[in-house]
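# Structure at a glance
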Amino acid sequence: MKGWQKGLLLSASLFAALNASGAMNVTLDGKLTQGSLIRGQAPAEAKILFNGEPLSVAEDGRFVFGIGRDASLAHQLTIITADGKQQVLPLTFSSREYDIQRITGVAQKYVTPPADVTERIQNDNRKVSSVRKTLTAKTAIFAAPIRPAEGRISGVYGSQRVFNGEPRNPHYGLDIAAPVGAPVLAPWDGEVLLAEDLYYSGLTLIIDHGMGVTSTLLHLHAIDVKVGQHIRQGDKVAEVGATGRVTGPHLDWRINWFQERLDPQLLLAE
Ligand SMILES: [Zn+2]
């Protein structure tokens, strides 16, 4: 619960709106902006809908949702308490501006992949997308995460990427520059969903933290854990590397809520 209280970033206006409404005791933890993971607490046994879709809610009423880099800004949370009372909360998120990051010196096979790897890339994407559908009842993400590696931040979430002069997909992770072999720690408790070598992201680890939230750790030199293994926050799970589409060794840490790609830095900044 400590991390939960420490991480309370509820916007003043929203808090006021919730209090004014009187009836329901709902709190939200997280910045209402694009790329944000929002952690919420409703009365136990409440049902919660996000934009009309039911969210998974822990027994004690905690829930989570997130919006992506370019998501629309108007959203809606519906809370239905055990006694059948219903309240609709409009949520207005802020938009963000993203940097343009120009990267040169990337091996051309990662900028314009040869035709014979197309199928492999599609297969990689299918596997990643499939494990990110995982829904378990773990509540690890209600604790504050720890930074999975030490080092300078060398890339941020959302940047428009230009590789060797050619525009490509935006960047969805937090890059931490560190030497090959430096330890990579589990940001929260979890269970390993995927540990394998993928075309763009090199040696890749995906960890389930529960309620649809996963961490993805990219470009690794070595992985110390196996699929299905349970890990604790702070456990060494891998080593920093320079595998896949990189120009130097670093850890790229991503957070997803199902297929929504979220910004790890919003959870670290306190
Ligand atoms: Zn990266």
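See above for the structure.
So, a few notes on the structure that sits alongside this text. This structure is a prediction, so every number in the text was calculated from the model and none was measured. (Residues numbered from 1 in each chain as written. Predicted model: local features only at pLDDT ≥ 70, side-chain atom pairs only at ≥ 80, totals over all residues. Heavy atoms only, no water.)

Moving on, we get to the coordination of the zinc ion. Taken together, the protein ligands of the zinc ion are His171 (NE2), Asp175 (OD), Asp175 (OD) and Asp252 (OD), with distances of 2.1 to 2.7 Å. Angles of 52 to 151 degrees at the metal separate the four donor atoms of the zinc ion, which places the site in the irregular class. In primary-sequence terms, the residues that donate to the zinc ion follow H-x3-D-x76-D. You can see histidine 171 sitting in the loop between β11 (166-168) and β12 (174-177) and its partner aspartate 252 sitting in strand β20 (residues 250-257), a full 81 residues away along the chain. Across the pair, aspartate 252 and histidine 171 agree in class, each one buried. (Donors = N, O, S within 2.8 Å, 3.2 Å for Na, K, Ca; no water. Tetrahedral: all angles 85-135°; square planar, octahedral: opposite > 155°, others 65-115°. Helix = DSSP H or I, 4+ residues; strand = E, 2+ residues; numbered from the N terminus. Buried < 20%, exposed > 50% of the residue type's maximum accessible area, 1.4 Å probe, protein only.)

Tallying each qualifying case throughout the model produces 13 salt bridges. Of the charged contacts, one joins lysine 138 and glutamate 191 as a salt bridge, the two residues approaching to 3.5 Å between their closest N and O atoms. With lysine 138 in the loop between α4 (118-131) and β9 (152-155) and glutamate 191 in strand β14 (residues 190-198), the pair connects residues that are 53 residues apart, well separated along the chain. Overall, the relative accessible area of 22% leaves glutamate 191 in the partly exposed class. Put simply, arginine 161 and aspartate 175 hold a salt bridge, and the shortest N to O gap is 3.4 Å. Residue arginine 161 is found in strand β10 (residues 160-163), and its partner aspartate 175 is found in strand β12; the two are separated by 14 residues along the sequence. The network of salt bridges with shared partners includes Lys138, Glu191 and Asp208. (Salt bridge = Lys/Arg side-chain N within 4 Å of Asp/Glu carboxyl O.)

Turning next to the sheet that holds strand β7 (residues 86-92). The strand order across the open sheet built from four strands is β4-β3-β6-β7, with neighbouring strands paired in antiparallel fashion. Each end of this open sheet is capped by a strand with a single partner; those strands are β4 (53-54) and β7. The pairing of strand β6 (residues 74-80) with β7 spans seven bridges and is classified as antiparallel. For glutamine 76, the partnering residue across the bridge sits in β7 and is proline 90. (Pairing = 2+ DSSP bridges.)

Our focus in this paragraph is the side chain of serine 159. Here serine 159 lies in the loop between β9 and β10. Within the structure, serine 159 has its side chain in polar contact with the backbone oxygen of valine 156 (distance 3.3 Å). The residues contacting serine 159, other than those within four sequence positions of it, are Arg69, Tyr98, Asp99, Gln101, Pro170 and His171. (Polar contact = N/O pair within 3.5 Å; in protein donor to acceptor, adjacent residues only side chain to side chain. Contact = heavy atoms within 4.5 Å.)

This next bit is on the packing of aromatic side chains. The full count for this structure, using the stated rule, is eight aromatic pairs. Both rings, one in tyrosine 110 and one in tyrosine 199, keep their centres 5.1 Å apart while their planes meet at 50 degrees; by these two values the pair is tilted. With tyrosine 110 in helix α3 (residues 108-111) and tyrosine 199 in the loop between β14 and β15 (202-210), this pair connects stretches of sequence that are 89 residues apart. Above the plane of the ring of phenylalanine 142 lies arginine 62, whose end atom (NZ or CZ) is 4.5 Å from the centre. Above the face of the tyrosine 172 ring, arginine 261 is positioned so that its terminal group lies 4.7 Å from the ring centre. (Phe/Tyr/Trp six-rings, centres within 6.5 Å; stacked < 30°, edge-to-face > 60°. Lys NZ or Arg CZ within 6 Å of the ring centre and 35° of its normal.)

What follows is about the sheet that holds strand β5 (residues 62-66). The three strands lie next to each other as β1-β2-β5, forming an open sheet whose pairing is antiparallel. The two strands at the open ends of the sheet, each matched to only one other strand, are β1 (27-29) and β5. Ignoring which end each strand starts from, the neighbouring axes of this sheet average 25 degrees apart. Alignment of strand β2 (residues 37-41) against β5, held across five bridges, turns out to be antiparallel. When the bridges of β5 are listed, arginine 39 appears paired with valine 64. (Axes fitted to C-alpha atoms, helices over the stretch in contact; angles between N-to-C directions.)

Mapped onto the fold, histidine 219 is located in strand β16 (residues 213-220). The exposure class of histidine 219 is buried, given its relative accessible area of 6%. Only 2.8 Å separates the side chain of histidine 219 from the backbone oxygen of threonine 243, close enough to count as a polar contact.

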